[in-house]
Amino acid sequence: MWIVLKFLFLLWLVNLAPPLLSLLLKERFRTPLDLGYRLNDGRPLLGDHKTIRGVLAGIITGGTLGWLLGIPLGIGLGIGALSMAGDLLTSFIKRRLGKPSGSVVPGLDQLTEGALPLLVLVPYAQLGTAQSTILLLLFCAGAYAGSFLFSWIFLNRAARRYRRNLRPGLRWREWRACDMAYHPLHPVLNADRIIYYHLLMKTAFQMMRLYGRGRKNALAIRLNTVTLNFEDLPVAFDDYTILFLSDLHLDGLVGLDHAIGALVAPLSVDLCLFGGDYRSNLSGPYSKVLLRMRRLLRAIDARDGCYAVLGNHDCIGMVPPLERRGLRFLINDAAKLTRGTDHLWLVGVDDPNYYEAHDLRQAFSDVPAGAFSLLLVHSPDVFDEAAAYGTRLYLCGHTHAGQVQIPGFGPLVTHSRAPREFIQGHWRFGRMQGYTSTGVGVSGVPVRFGTVGEAVLIRLKRKC
């Protein structure tokens, strides 16, 4: 029985190696084994989730760990290679059946991956029929349980309707920040954030007797009007008005939602854009945020509707209930706005910071070359990538202009990789113009010093 358990352990580790490596390496060295080749049925040969690095990981794991378990190197490499061959055979069959890449088919997924290595194991270890059957059944049960757990944590099926790159690292962060929101272990998993913001930072402002004044500053939001001129703006969009609201953090400061409503209710604009970060905490429940967003949406008068992107504080689970209230999310996607025969393309990408889920190539895939486009992103971090796609206006937030600025020095922290000239207000990068909002709400400790929260009214003008 011991030898069966040893081989079972090895097969499970070989099965685990490819997804574990994808979690660690993310998009690096991720070359599809089939190189994107499609058969006459129009479907991929294997699918882009079967990569060269994954196959090598399985084979090397078989050889290395097999050797550590006392199995000859050649036998271990053979076990790894045959297990990977079974995995690829399964993928080939599933593509022919029309199953999407990464889908799990109980039984089929595990059977060939566990059965083919028996071609080496049976003669080497002289396994009998009973031992081989037990080994195969245990492998299938354990591999399926592992794939189910992996899918639950890392591959949010509900998010597949959106144009997102479902990398394992992204799903780990979502699981921690969103899926565990109502779980008793949530405070434990996010203890570092709770200690830093709610204990250390808040206590520091209270000890300096600045907390009350900082909260008052944070509630004193303003409407900032900005006019941006473009030589190539389509004629029909001359004098087009956009209400831009970013970093609302609606559950972070009592009274903020009412202050925002009072500020935007008198306005009538062509378009309203939301730049992400609707809740205050990086993790936990967001039901209050959904309720307050619905009230805010009712107060906004925008002829072409309201569009939004996700920020690093947000969860993909927020999207469906808000879209049912008329808010359209652009998750690595684009929308065409039309005035007569003229068009303006609105492009939005997923969060490029915490979740690193942005995909500019996917987002711009439907935008015609040379079209006038406006890019909505949560943060300024991908300004250089965006310029390469020819976008003319880049709208973002995230930085809060530091939220606390020191006179003569500026913000202490921006939480952005972008240069400091991009962390607040209007800026230019080549032919692209950008605007980074100071944000409506506050994050972490609900205070502001040296900065003012803003809703931005942007007016597009055609430069003659």
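This is a predicted model, so every value here is computed, not measured.

Concerning helix H3 (residues 73-96)
In this model, H3 (24 residues) spans 35 Å end to end at C-alpha, consistent with the 34 Å of a helix rising 1.5 Å per residue. Immediately downstream of H3, the backbone of Gly-98 shows phi near 85°, a positive value.

Some details on the packing of aromatic side chains
Overall, the coordinates contain 13 aromatic pairs when judged by the stated rule. A ring pair is formed by Phe-422 and Phe-429, whose centres lie 6.3 Å apart and whose planes are at 70°; its orientation type is edge-to-face. Given a relative accessible area of 31%, Phe-429 falls into the partly exposed group. Chaining the aromatic ring pairs together yields one cluster made of Phe-383, Tyr-394, Phe-422, Trp-427 and Phe-429. The lysine or arginine in question, Arg-96, covers the ring of Phe-92, its NZ or CZ lying 4.8 Å from the ring centre.

Some thoughts on the state of the cysteines
If you walk through the whole model with that rule in mind, you get zero disulfides. Left without a disulfide partner, Cys-272 is nearest to the cysteine sulfur of Cys-306, which lies 4.0 Å away. Taking the relative accessible area as the measure of exposure, Cys-272 reaches 0% and is therefore buried.

Let's talk about the UniProt feature "transmembrane region" (unreviewed entry) in the protein
Under the local residue numbering, the UniProt record ascribes the feature "transmembrane region" (unreviewed entry) to residues 65-89 and 133-155. Secondary structure across residues 65-89 comprises 84% helix and 0% strand; the distance between its end C-alpha atoms is 24 Å.

Considerations on the sheet that holds strand E2 (residues 240-245)
Pairing in this open sheet of six strands is mixed, and the strands run E1-E14-E2-E3-E4-E5 from one edge to the other. A strand with exactly one partner marks an edge of an open sheet, and here the two such strands are strand E1 (222-230) and strand E5 (327-329). With direction set aside, neighbouring strand axes in the sheet form an average angle of 25°. In the sheet, strand E4 (residues 306-308) pairs with E5 via three bridges, with the strands oriented parallel. Note on E5: the bridge partner recorded for Cys-306 is Leu-327. Across the sheet, helix H12 (residues 287-299) touches E2, strand E3 (271-274), E4 and E5, and the angle it forms with E3 is around 160°.

Focus: the side chain of Ser-373
As for its placement among the helices and strands, Ser-373 is situated in strand E8 (residues 373-376). Given the relative accessible area of 1%, Ser-373 is considered buried. In this view, Ser-373 contacts Trp-345, Val-347, Phe-364, Gly-390, Thr-391, Arg-392 and Leu-393; residues no more than four positions away in its chain are not counted.

Focus on the pairing of strand E7 (residues 342-348)
Judged by how many residues are buried, E7 sits mostly within the fold: five of seven residues are covered. Alignment of strand E6 (residues 333-339) against E7, held across seven bridges, turns out to be antiparallel. Counterpart to Lys-336 in the pairing with E7 is Trp-345. The turn joining E6 and E7, which pair antiparallel and follow one another in sequence, is formed by two residues; a positive phi near 65° is taken by Gly-340.

Comments concerning the pattern of salt bridges
Tallying each qualifying case throughout the model produces 13 salt bridges. The closest approach of N and O atoms between Lys-50 and Asp-87, which form a salt bridge, is 2.6 Å. Placement of the pair is Lys-50 in the loop between helix H1 (2-25) and helix H2 (52-68) and Asp-87 in helix H3, with a sequence separation of 37 residues. Residue Asp-87 is classed as buried on the basis of its relative accessible area, which comes to 13%. Residue Asp-257 pairs with Arg-295 through a salt bridge whose shortest N-O separation is 3.1 Å. In this pair, Asp-257 sits in helix H11 (residues 256-264) while Arg-295 sits in helix H12, placing the two residues 38 residues apart along the sequence. Here Asp-257 falls in the buried class, since its relative accessible area comes to 14%. Given a relative accessible area of 35%, Arg-295 falls into the partly exposed group. Look at the salt bridges and you will find they share partners, linking Asp-238, Asp-239, Arg-459 and Lys-461 into a network.

What counts and how
Residues numbered from 1 in each chain as written. Predicted model: local features only at pLDDT ≥ 70, side-chain atom pairs only at ≥ 80, totals over all residues. Heavy atoms only, no water. Helix = DSSP H or I, 4+ residues; strand = E, 2+ residues; numbered from the N terminus. Expected span 1.5 Å × (residues − 1). Phe/Tyr/Trp six-rings, centres within 6.5 Å; stacked < 30°, edge-to-face > 60°. Buried < 20%, exposed > 50% of the residue type's maximum accessible area, 1.4 Å probe, protein only. Lys NZ or Arg CZ within 6 Å of the ring centre and 35° of its normal. Disulfide = S-S within 2.5 Å. UniProt positions renumbered as here; feature names shortened; annotations may be inferred. Pairing = 2+ DSSP bridges. Axes fitted to C-alpha atoms, helices over the stretch in contact; angles between N-to-C directions. Contact = heavy atoms within 4.5 Å. Salt bridge = Lys/Arg side-chain N within 4 Å of Asp/Glu carboxyl O.

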